Structures are given as structure tokens and as C-alpha cells.
Amino acid sequence: MPQTAIPADIAKLGFEEALQELETIVRNLEGGKGKLEDSIKAYERGAFLKQHCEAKLRDAQMKVEKIVLGPDGAEKTQSLD
Amino acid sequence: MSEIRSPAVASNLPEYTVSEVSQAVKRTLETSFERVRVRGELSGFKRHTSGHCYFTLKDAEAAMDGVCWRGTAMRLGIKPEDGMEVICTGRITTYPGRSKYQIVIESMELAGEGALLKMIEDRRKRLAAEGLFDAERKRQLPFLPEVIGVITSPTGAVIRDILHRLADRFPRHVLLWPVIVQGEGAAEQVAEAIRGFGALPEGGAVPRPNVLIVARGGGSLEDLMAFNEEIVVRAAATSRIPLISAVGHETDTTLIDHASDRRAPTPSAAAEMAVPVRADLIADLQRDGQRLASALTRALSERRSQLDGLARGLGDPRRLIEDRAQRLDDWGDRLKLGLTNWVQQRRAKIAESAGRLMAFRSNAARRFEREDKHLAELGGRLRRCMTALTERLARDLESLGRHLSSVSYEKVLERGFVLATDAAGHPVQKAAETHASMALRLHFHDGTVGATVTEGAARKPARPAAVSDAPKKQGTLL
């Protein structure tokens, strides 16, 4: 598993897109087609995607807030007890 | 009332204060009409700023005042309007300040069987005709929303159920927009909350939700009426954020359910629709990671074995030459051997042919020899037959000769007989054959003489005339 920073284009991806791309990469790799260089590149990208997805899952925390309208009608939030 | 009874006045009617009477009436009324259902038409409906509502209930003959306190008004299923035929449930009381009796409403429903349902159905048809419920308006919910906006009451089981289910499945950032969910103003608040969430800017101070849940617990048809209000239905249909409706229980359907992108049977189910299960995703991800690694490993090992296979196929160049050298040797040998064989084969063929010729020849010679012998034998036998035949003929001839000679006329002649012949030499054996003067020749055994017949023939054979000629030499018999 590469420990280098996740490429920016992957970091931008939502969990679902990243997961979909990861699945596509895995399926392609499992198909056993394509050039070796491409396979290795695809693997590296897959590894980054997995890392990204894991981070997304790891960071899942419940945060519950309540909308409070200010006197000017603007929305603000405050923690919900 | 004992405290206001004056025992001092015995004959007269007791004297009451107004308050006492009105209180007494109030008590009497309240105990007599503890709870009633009254049907009538609404008129003069007024909502006070305090939130309490005042109106008159009337029919063709009579009218009575009605009041609906703020707390109750908020929970009313219907939005009361003048002219509505309603059935009110409540208690009869008086307002001592005016001593007017009135009904204090606990609930209000539209009069007539299914009147409310019919009203909702009519509204549904009208909004459907506008296309608000069209299937193509429905949007896909995001797979994993970052922020979930929940529109419901801040108290009660609904928000707790949603938060609980979200925490179980996938903890997310939840924004609650608190609203009242029934009664006066509920519809407006819900509609405003939907619009308000949609109006939040991307990246603003308040994070914009990726999905909305509009939820309310179960209740009567009237309880759920706010979610049948047109203002709510329109807000849901035009929500800028995908929206899940979860109003009432599974069997309840409100108009917002038709307009929302997904309808959840319960608030918990809405939470399930909103987020996937985190543990499942982690497991999926792990599995994908393993597949990724093993796919690459397999790809590498496949290529390794492919390479090995090809390398094997390429072969050892030395072996390549050796093989060819061996084949060359082999074929060279076979070439040489082939020529020798060829010659030998032909030689053998010639020898065989010669042998067959010889055999034929000796066969023929033997046959000739055999034929010769046979011929010789036949010749011998022929010769022998001829010899035998000639010998036998000779013998026969001799014996015949002897026999002949024994019977020859010459012998007869020897014995003294004479043979007469005519001039031509033919024997003359009868006298009748003679005539006078006929010349005869008389043959004796020792010679021939001529004679002439002197006398003609008589009855008796004449004796031969005298021989006229000297005996002649005997001629040949034949």
C-alpha cells in the first residue's frame, strides 16, 4: 500500500465515485487484460482510491445540529441537546 | 354552594351574587354536557393573535359560540374556514365574563362520510394533473450524503429514531430544522424548512444538506393533514435537494409522499434510505482491496508464466543446432543407405528375374527332353508295329503264296490238264464257247501250242482239238 499523499483528483472524489472507480479497476485487473504498465498504474490508483474511501469511512462521526433562525432570518446552527 | 347560603334568611329566596350564579351555571353545564359532538357550519371564524380561535357553529335554527385554544388549534387536522360543515368534539362551558355558553373544541373534523378523504383526493388529482407527481421528476438519492437535513419536530420519537438509525448505519452530519408537524402553521413551517434548506449556499456557514428527510410519526388522518397541504406538496415537489418523505405509518399516505423523490414507510426507514451501512462499506472496501492486490499478483504471475512459457518456446540455440546436425546426419545416412538399398533392391530384382528365366529354361529343356523321349518311344512303338505288321504281312503273303501255288492251275496242268484260251488269252471253259475254226491256244504244263477247232460244238463238250502250236513259255498268272 503506497503511503504517499493521495492525488488531488482522487481527494476530490465522493465516496461513491471513488468506490465505483475502484470496483471498475478491480474488475479490469481481474479481467487480466491490458498492458503490464497499465495494470500497475491501475493498481496504484486503486490503492489510492481504497485509501481515500477508507478515510471517508473512518471520519464518519455523528454531528447533530439544529437550525436556528437569527433575527435577520439568516440560518445559524447550534448543537442539539 | 353551602358557603354562599345564608341561614339567616328563612322565608325569602336566597340571594346570590352574579358570580355565584354564573359559576353555578357553569358547573351545572359542565357536569351535564361533559363531552359532546356537535355538527354545524362554521361562521365568523377568527384567529386571535394569542393563537386562540373563536367562531360560531350554526345550523338552520340555532347558533352557538365555539372556542379553540391555541394548543388545540395547532393540532387540528383541518384548516377551519367559514362555511365548512364540521363536527366538533368538546365540552360545553360558559365564559363567566359574558355568561355566554360555548363549546370548547378538542377536535374538529369535516362532516360527512369520507369528506376529508375526498378533499385530499381532489387535491391529489389537481396536483397530479399539474405534473407534480410525475415519475420523471424523481431524483436519485445520493449514495452517501455528507450532510442530512431533517425536517421534523425537535421533540418526540421521530428525530430520535432517525438519529439512532443513522448512528447505527453510518454516522453523518445531521441538521435538524425544527417545525411543528400538526395544527396551525405546521404546513407553512414545513414548506419554509424545505425551501430554506434548498436556499442554503454551497460552502456557506451552514453546510448545505445532500438529502432531506421530512418526517412525522403516525397519527389520525387529521393529524397528518399538514402533509396534505398544497403548500407542503409544492415545496416538496420543487425541493432543490433530493427529498425523502416519511409521514405516519406504513399504511398512511399523504400527498407529500407523491411529490417526494422517495417515500419511506417510517422515519427509521427514511434513515436507512439516506445512508448505506458503514460496516458493509468497510467490508466491501476490504474485499475490493484484496481483490485489487490479488488481481495484480495474478496479473504478474500470469505474465511471469507467460514469459517462462515463451522462453521455453524460444529454446536453447545449441540444442537447436544439435538437433539440426543430428537430423542432417540422420538423413545423410539414410541417403547413403538409400542408394545402396536401391542398388541392392534392383540387383535382387535382376537376380530374381534371371532365376526365374533359368528356371523357365530348364523347365522347357526338361519338357523338351520329355517330349523327345515320348516321341522316341512313340517312334519305337511305331517301328515295332510296322515291323510286326510287315513281318506278319510277309508271313501271310508267303503262306498265301504257298497256298496260291498249291491251288494254281499250273499244278493242275502238271497233273495233265490243259487250259484253253482264246486268241485274246481268255480261258475258254465251255464247249459252247467254241465254234468251228476257232483258234485256240492250249496251255500245257510245259508249254503252249496253237490249235483250231475242227468240229462244231456238240452236245457233249468236245474234246479239245489237237494242239496246233508248239508249246509256249508259261505267261504270268496275273
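Note: the structure precedes this text.
Here we summarise the structure given alongside this text. Values in this document were obtained by computation on a predicted structure and should not be read as measured data.

## Let's talk about the pattern of salt bridges
Residues and elements named next belong to chain B. If you walk through the whole model with that rule in mind, you get 29 salt bridges over all chains. Residue Asp65 pairs with Lys100 through a salt bridge whose shortest N-O separation is 3.3 Å. Here Lys100 lies in strand S5 (residues 100–110) and Asp65 lies in strand S3 (residues 63–68), a separation of 35 residues in the sequence. Judged by its relative accessible area of 45%, Lys100 is partly exposed. The shortest N-O distance in the salt bridge between Arg287 and Asp288 comes to 3.5 Å. For Arg287, a relative accessible area of 39% puts it in the partly exposed group.

## Points about the interface of chain A and chain B
On the chain B side, the residues contacting the 38 residues of chain A number 34 residues. Buried surface at the junction of chain A and chain B, both sides included, amounts to about 3300 Å², of which 71% is carbon and sulfur. Counting the surface chain A buries against chain B, the share from its top three residues, A:Leu57, A:Met62 and A:Ile67, is 20%. The interface formed by chain A and chain B contains one salt bridge. Across the pair B:Glu146 and A:Lys56 runs a salt bridge whose closest N-O atoms are separated by 3.3 Å. On the surface where chain A and chain B come into contact, there are eight residue pairs in polar contact (both at pLDDT 80 or more). Residue assignment for the side of chain A that touches chain B shows that the elements contributing at least two residues are helix H2 (15–31), helix H3 (36–58), strand S1 (63–69) and strand S2 (75–79) of chain A. Tallied by class, residues from the side of chain A that touches chain B come to 18 nonpolar, five polar and 15 charged. Where S1(A) and strand S7 (residues 173–178) of chain B come together, four bridges link them in parallel fashion.

Rules of the game
Residues numbered from 1 in each chain as written. Chains lettered and ligands numbered in written order. Predicted model: local features only at pLDDT ≥ 70, side-chain atom pairs only at ≥ 80, totals over all residues. Heavy atoms only, no water. Salt bridge = Lys/Arg side-chain N within 4 Å of Asp/Glu carboxyl O. Helix = DSSP H or I, 4+ residues; strand = E, 2+ residues; numbered from the N terminus. Buried < 20%, exposed > 50% of the residue type's maximum accessible area, 1.4 Å probe, protein only. Contact = heavy atoms within 4.5 Å. Buried area = accessible area lost by both parts, 1.4 Å probe. Polar contact = N/O pair within 3.5 Å; in protein donor to acceptor, adjacent residues only side chain to side chain. Nonpolar A, V, L, I, M, F, W, Y, C, P; charged D, E, K, R; others polar. Pairing = 2+ DSSP bridges.

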